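Each chain, written out:
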Amino acid sequence: MKQNVSTPIYASIFLVSASTLAWEISLTRIFAITQFYHFAFLVVNVALLGFGASGTVLALRPQWTTDSTAVVVAHRHQRSAVYRRLEYCSLAFTASLLGSYCIINFLPFDSYAVAWDSSQIWLLILYYLTLATPFFFTGLAVGIALSMTGTQNNRTYAANLLGSAGGALLVPLILPILGIPDILFLIAALGLLAAAITRWQTHSRSLPNWRSIGAGLAYLSGWFALLLLVVLSPAIADLNLSVYKGLPQALNYPQAAVIAREDGVIARTELIESGGVRSLPGLSFQYSGPLPPQYGLFSDSDDLSPVIDSREDIDLTALDYMPEALAYELRSEGATLILNPRGGLAIWQAINPDDTRRQVYAVEPDPDIIAVVNDLLDERSPYRQPQVLAIPETTRSFLQRTPQNFDIIHLPLNQPFRPVTSGAYSLGETYDLTLQAMQEYIKHLTPDGILVLTRWLQTPPSESARALALVIESLKRQGIEATSEYVVAIRGVQTATFFVKRTPWTAAELGRVRQFALDRRFDLALAPDLRMEETNQFNVTPDPYYEQVYAELVAGEDVQGIYNRQPFDITPPSDDHPFFFHFFKWSQTSTVLRTLGQTWQPFGGSGILVLVALLVLSALASVILIILPLLLGRVRSRSPQPKLEDEAESPSQWHILLYFGALGLGFMLVEIPLIQRFILFIGHPTLALAVVLAGILFWSGLGSLISPRFSWHRSLFALVATLLLYVMALTIGFEILLGGSSTVRLIATFMLLAPAGLLIGMPFPGGLRWLAGAPGLIPWAWAINGCASVIGSVLAALLALQWGFSVVLWLGIGCYLLAFAITWLNRSPTRNRHPAPRPPAAQTAPRPG
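### Some points on the packing of aromatic side chains
Geometry of an aromatic ring pair is reported as the spacing of the ring centres plus the angle between the planes.
Item 1. Taken as a whole, this structure holds 22 aromatic pairs when the rule is applied.
Item 2. Aromatic side chains Y219 and W223 sit 6.3 Å apart centroid to centroid with 35° between the ring planes, which places their arrangement in the tilted category. Of the two residues, Y219 and W223 are both situated in helix α8 (residues 210-232); the distance of 4 residues between them amounts to about one turn of the helix.
Item 3. Judged by centre distance (6.1 Å) and plane angle (75°), the rings of F678 and F681 are edge-to-face. Of the two residues, F678 and F681 both sit in helix α21 (residues 653-682), 3 residues apart, roughly one turn of that helix. Each member of the pair, F678 together with F681, is buried.
Item 4. The positively charged end of K501 is found above the aromatic ring belonging to W505, 5.3 Å away from the centroid.

What follows is the structure in structure tokens.
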């Protein structure tokens, strides 16, 4: 019998799914601001855990859904009972969203202190479970709706996925207008609207009474209160930051204050006024004059960048004593490209206010930074100087598009110094410091141009050594073998600066380099004719280990052996493995664990160990909250399984568990590396997450709608073939389209995801049709799918950090290939025409896998 499911139910599911994904995307920004990049990976993980646990609860409480079909075709009382459950789940989502934000915002958890404060472990577990709660209630709502709609559940599934896609896109559109936390109140209002629509559907055919009028007034009051919070933006709801982030530390200085703030999709930009801001990285100790007055610019409450107060005439002599000044002394005019100038210090290094012969192109990916600096300094802003052209664009996209070559390309040092053992940036993708990026920089130099790159010095050499290894390998890929003739380096107390040319350094240039280093008391660390007695003269170290490592690298003999002998990993990163700040080697594990809590090792000593710990926590949580309740509840079929049409026997339980486990794991092993790969193409992690999720979910929603029309196993085979094409052709597509405008790249992203997205949306509904004759196995199918998804979300990030995105994608393809093999073994010419069963624990996540 055709079931009469009303459109408002689909609208309610659309809204609650949209608000859930908007909350998920917003959480990535909250973590980036309050904690560190490590915990952005927690978001997808806790979402899947909440969804999986909801499926298990529905399996343990079949009475919540067993009369669902009767609800939509029988008498009003039964219909109202299940509709009320759907309404209450939407209300619980709204309340738990606000509650979880309050808890995580005021909970004294700090990821930086995990290594030495054991109480942080318990706070992390509470943090983890609290964040999963809103997703749990959304999962209940969608699961009940899927059961209510019976044979039409592919429409509900589509509403879930399409709503999720809309929610993912909502954040990039609204966040720059409202900011955090105000956007959270708007998201909560959407969840409240979903509950109200369900209640209206419940009582739409009955006359108004005092109870319904009271409920309507309560909903209106709730909306008014949430919208009032959006307008008032109460200070009590502001984000509480880790005390170890740069901004809270800077604000400890007397009379320091935030004077400007912009919330954007790329980052939260904040400007502080403080007498304690004195940041000129690499400044020679030979300089004894006054420092220019500065403001402090912070991105996501960290990474201080100085903004020189140029509103009045100031003395900029100090800039001549910074190591990059050598390049500007050697090339006094011509075109200069500055990549990521942030607060504008590098721009002031490049220009002379009285000399307009040098044209400076300042490429800054975050337009909010340019706006904040311009608002502060007006016409005296470095971005508004007559010699400067400000370009709000990602560096890789600009270089892909422009045909121009430059006399100087300057990569400023924008990150503060951190001990290499902290792992502070190890999980972050840095596409500006990869082999492909470095080759683009070198290609865009004029024949006599200079590339300038400054990095911090750590002991033993790590960051600067990797930067040099990156330069050398890039030169070799340009056909240059005698790399020692093309690179010069000078060293200060804390920084090393590399100067790279496309042609060999001349004797005259090397003479000027030596004179510059002598005048400013920098040490010459690398040069074609360097003698060891010239090194380690001014900024003295116990041994010349920096110079020794640099000399070994440029010599080019047994490069892999050099990498292996280093205590940290200094192999050059690539676009497939863009983790410049990931220096960890597994051989360090015993040392890290032995000294845990005894030495300065924030985050437990390495970012990858945070992922390992999160993987263990995820596995335990998914087993305890998803698998164990099913075992204890003994959820299984109570009667012999009926045979499927044209089959000799019911589906194998092992086949079912392998199939749904492969779907859950495979989807994560495909989704996570795709998001990370598209960061290069789109330009920023949060925007990439939002757009890629929106694209996959949108196309998957359409795929689920049309899935009954396609062969089950053939659609899986097509998915495997499509993913193979992605592995081989995605890089080529990026190279062709990377030079396009941001709008073109966003549209291209959406379209590039269409083939895989459509096909990814088909296997799960196909699996439900497969179980038409074995409904007792559906809870187990869902449980293993949820468990595999939770584990896979962290496992994908861990594997990408170790071996790169392509390896993870290949493993994801292998999972879908396993699922295809199972469908082939269980294929039947008529199976796909079975109506989908009413799943007591249906796919509830806004995820197609």
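### Digging into the sheet that holds strand β10 (residues 487-491)
Item 1. Across the sheet, which stays open at both edges, the 8 strands sit in the order β7-β6-β5-β8-β9-β11-β10-β12 with mixed pairing between neighbours. Edge positions in the open sheet fall to β7 (388-391) and β12 (523-526), since each of these has one partner strand only. Put simply, the sheet's adjacent strands are angled 20° from each other on average, direction ignored.
Item 2. With 7 bridges joining them, strand β9 (residues 445-456) and strand β11 (residues 495-501) adopt antiparallel strand pairing. Note on β11: the bridge partner recorded for W456 is T495.
Item 3. Set on the sheet, helix α14 (residues 435-443) makes contact with β5 (334-339), β8 (406-411) and β9; between it and β9 the angle comes to about 140°.

### Some words on the environment of I682
Item 1. Looking at where I682 falls in the secondary structure, it is placed in helix α21.
Item 2. What makes I682 buried here is its relative accessible area of 7%.
Item 3. Excluding anything up to four places from it in sequence, I682 contacts T394, L687, A688, V691, R745, L746 and T749.

### Let's talk about helix α22 (residues 685-706)
Item 1. When the terminal C-alpha atoms of α22 are compared, their 31 Å separation across 22 residues agrees well with the 32 Å that a helix rising 1.5 Å per residue should span.
Item 2. Along α22, 17 of the 22 residues are buried, which leaves the element largely enclosed by surrounding structure.

### A few points about the packing of α22 against helix α24 (residues 742-752)
Item 1. Put simply, α22 and α24 touch, their axes get as near as 8 Å, and they point 40° apart. Considered as vectors, α22 and α24 are oriented oblique to each other. In the packing of α22 onto α24, the handedness of the crossing is right-handed. Every residue of α24 that contacts α22 at V691, V692, A694, G695, F698 and W699 is listed here: L746, T749, F750 and M751.
Item 2. Class assignment for the residues of the contact of α22 with α24 results in 8 nonpolar, 2 polar and no charged.

### Focus: unusual backbone geometry
Item 1. Cis geometry is adopted by the peptide bond preceding P181, which originates at I180 and carries an omega value of 15°.
Item 2. The residue P181 is located in the loop between α6 (153-178) and α7 (182-203) in this model.
Item 3. For S301, which is not a glycine, the phi torsion comes out positive at approximately 65°.
Item 4. Despite not being glycine, D558 has its phi angle at roughly 50°, a positive value.
Item 5. For D558, the location among the structural elements is in the loop between α17 (545-555) and α18 (559-565).
Item 6. The class for D558 is exposed, based on a relative accessible area of 51%.

### Considering the nonpolar core
Item 1. W23, Y128, L131, Y659, L674, F678 and Y816 are the most contacted members of the largest nonpolar core, which has 147 residues in total.
Item 2. Each residue touching Y816, except ones within four places of it in the same chain, is listed here: L663, G666, F667, V670, L716, L719, V720, L723 and I760.
Item 3. Residues F398, L453, L526 and I562 belong to the second largest nonpolar core, which totals 51 residues.

### A short note on α17
Item 1. Among the residues making up α17, those that are buried are Y546, E547, V549, Y550, L553 and V554. Along the long axis of α17, the arc covered by the buried residues comes to 165°, so they all point the same way.
Item 2. Packed against the buried residues of α17 are α15 (463-477), β10, β11, β12 and α18.
Item 3. Positive backbone phi, at 75°, marks G556, one or two positions downstream of α17.

### Describing the side chain of R396
Item 1. Relative to the elements of secondary structure, R396 occurs in helix α13 (residues 395-401).
Item 2. On the basis of relative accessibility, which here comes to 8%, the residue R396 falls in the buried class.
Item 3. Of the polar contacts made by the side chain of R396, one reaches the side chain of D575; its length is 2.9 Å.
Item 4. Once you skip the residues sitting within four places of it in the chain, R396 turns out to touch Y431, D432, T434, Q436, A437, D575, L680 and L738.

### Description of the sheet that holds strand β2 (residues 268-273)
Item 1. Overall, antiparallel pairing links the 4 strands, which are arranged β1-β2-β3-β4 in an open sheet. Edge strands, defined here as strands with exactly one partner in the open sheet, are β1 (257-263) and β4 (302-308). In this sheet, adjacent strand axes meet at a mean angle of 25° when their direction is disregarded.
Item 2. As paired elements, β2 and strand β3 (residues 294-299) share 4 bridges and run antiparallel to each other. When the sheet's bridge partners are listed, I272 is paired in β3 with G296.

Reading guide: rules and limits
- Residues numbered from 1 in each chain as written.
- Predicted model: local features only at pLDDT ≥ 70, side-chain atom pairs only at ≥ 80, totals over all residues.
- Heavy atoms only, no water.
- Phe/Tyr/Trp six-rings, centres within 6.5 Å; stacked < 30°, edge-to-face > 60°.
- Helix = DSSP H or I, 4+ residues; strand = E, 2+ residues; numbered from the N terminus.
- Buried < 20%, exposed > 50% of the residue type's maximum accessible area, 1.4 Å probe, protein only.
- Lys NZ or Arg CZ within 6 Å of the ring centre and 35° of its normal.
- Pairing = 2+ DSSP bridges.
- Axes fitted to C-alpha atoms, helices over the stretch in contact; angles between N-to-C directions.
- Contact = heavy atoms within 4.5 Å.
- Expected span 1.5 Å × (residues − 1).
- Parallel < 35°, antiparallel > 145°, perpendicular 65-115°, else oblique.
- Left-handed = near helix turned anticlockwise from the far one by under 90°.
- Nonpolar A, V, L, I, M, F, W, Y, C, P; charged D, E, K, R; others polar.
- Core = buried A, V, L, I, M, F, W, Y, C linked by side-chain atoms within 4.5 Å.
- Arc of directions from axis to C-beta.
- Polar contact = N/O pair within 3.5 Å; in protein donor to acceptor, adjacent residues only side chain to side chain.

This is a description of form; function is not addressed.
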